Amino acid sequence: MRERDTNSPDANAELLALRALVWTIGDDDRASRLIATTGLDPDDLRERAGEPAVLGALLGFLEAYEPDLIACAEALAVKPEALVRARYQLENQ
């Protein structure tokens, strides 16, 4: 198995998206909206959390509701644009 380059833009996008996922599921109402919007059940989400498509969908979910996007960015100490850029990178891997 090949080691992953944790300094690559794709790895950084994945890490940021995973942090956003943790933030998102930390709130029951937001987590419920994520599940309802994506169609993933909690078991699927746990199993597939590292997949670029799932992480991209999560970031798209946050983008679709600007207050969540901004709140997440503030909580992660990044600009909202960083989350948008990460979604783009994940979707274009």
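Fair warning: this is a prediction, and the values are worked out from it, not measured in the lab. (Residues numbered from 1 in each chain as written. Predicted model: local features only at pLDDT ≥ 70, side-chain atom pairs only at ≥ 80, totals over all residues. Heavy atoms only, no water.)

## Description of the overall build of the protein chain
Part 1 of the reasoning: Regarding its fold elements, the protein chain presents 6 helices and 0 strands.
Part 2 of the reasoning: Scanning the protein chain from its N terminus toward the C terminus, one meets helices and strands in the order α-α-α-α-α-α.
Part 3 of the reasoning: The long-range share in the protein chain, meaning contacts at least 24 apart out of those at least 6 apart in sequence, stands at 62%.
Part 4 of the reasoning: Element-wise, carbon and sulfur atoms account for 51% of the exposed surface of the protein chain, whose accessible area totals about 5,900 Å². (Helix = DSSP H or I, 4+ residues; strand = E, 2+ residues; numbered from the N terminus. Contact = heavy atoms within 4.5 Å. Areas by Shrake-Rupley, 256 points an atom, 1.4 Å probe, with all protein chains shown as cover.)

## Quick word on the confidence of the model for the protein chain
Part 1 of the reasoning: On average, residues of the protein chain score 90 in pLDDT, and 89% of them are at 70 or above.
Part 2 of the reasoning: With pLDDT under 50 throughout, residues 1-6 is counted as low confidence; its partners more than four residues away or in other chains account for 5 contacts. (pLDDT = per-residue confidence, 0-100.)

## So, the pattern of salt bridges
Part 1 of the reasoning: The full count for this structure, using the stated rule, is 6 salt bridges.
Part 2 of the reasoning: The residue Asp-68 makes a salt bridge to Arg-30 at a minimum N-O spacing of 3.3 Å. Placement of Asp-68 in helix α5 (residues 66-76) and of Arg-30 in helix α2 (residues 28-38) is noted, with a sequence separation of 38 residues between them. Take Asp-68 and Arg-30: they sit in the same class, and that class is buried.
Part 3 of the reasoning: Across the salt bridge formed by Glu-51 and Arg-48, the nearest N and O atoms sit 2.9 Å from each other.
Part 4 of the reasoning: Taking relative accessible area as the criterion, Glu-51 reaches 32% and is therefore assigned partly exposed. (Salt bridge = Lys/Arg side-chain N within 4 Å of Asp/Glu carboxyl O. Buried < 20%, exposed > 50% of the residue type's maximum accessible area, 1.4 Å probe, protein only.)

## What to know about empty space enclosed by the protein
Part 1 of the reasoning: For the structure shown, the criterion picks out 1 cavity of 30 Å³ or more.
Part 2 of the reasoning: Taken together, Leu-34, Thr-38, Leu-40, Leu-45, Val-54, Ala-57 and Leu-58 make up the full set of residues lining the largest cavity.
Part 3 of the reasoning: Mapped onto the lining of the largest cavity, the elements with two or more residues apiece are α2 and α4 (52-63).
Part 4 of the reasoning: With 3 residues, the top contributor of residues to the lining of the largest cavity is α4.
Part 5 of the reasoning: For the lining of the largest cavity, the per-class residue count stands at 6 nonpolar, 1 polar and no charged. (1 Å grid on protein atoms, 1.4 Å probe; cavity = no way out; pocket = protein on both sides within 12 Å on 5 of 7 lines; lining within 4 Å. Points joined across faces, edges and corners; volume = space filled by probe spheres on them. Nonpolar A, V, L, I, M, F, W, Y, C, P; charged D, E, K, R; others polar.)

## What about unusual backbone geometry?
Part 1 of the reasoning: Positive phi, normally seen in glycine, also occurs at Ala-77, with a value near 60 degrees.
Part 2 of the reasoning: Residue Ala-77 is classed as exposed on the basis of its relative accessible area of 70%.

## Remarks on the packing of aromatic side chains
Part 1 of the reasoning: For the structure shown, the criterion picks out 0 aromatic pairs.
Part 2 of the reasoning: Stacked on the ring of Trp-23, the Lys or Arg Arg-30 has its end atom at 3.8 Å from the ring centre.
Part 3 of the reasoning: Seen from the ring of Tyr-65, Arg-33 lies directly overhead, with NZ or CZ sitting 5.3 Å from the centre. (Phe/Tyr/Trp six-rings, centres within 6.5 Å; stacked < 30°, edge-to-face > 60°. Lys NZ or Arg CZ within 6 Å of the ring centre and 35° of its normal.)

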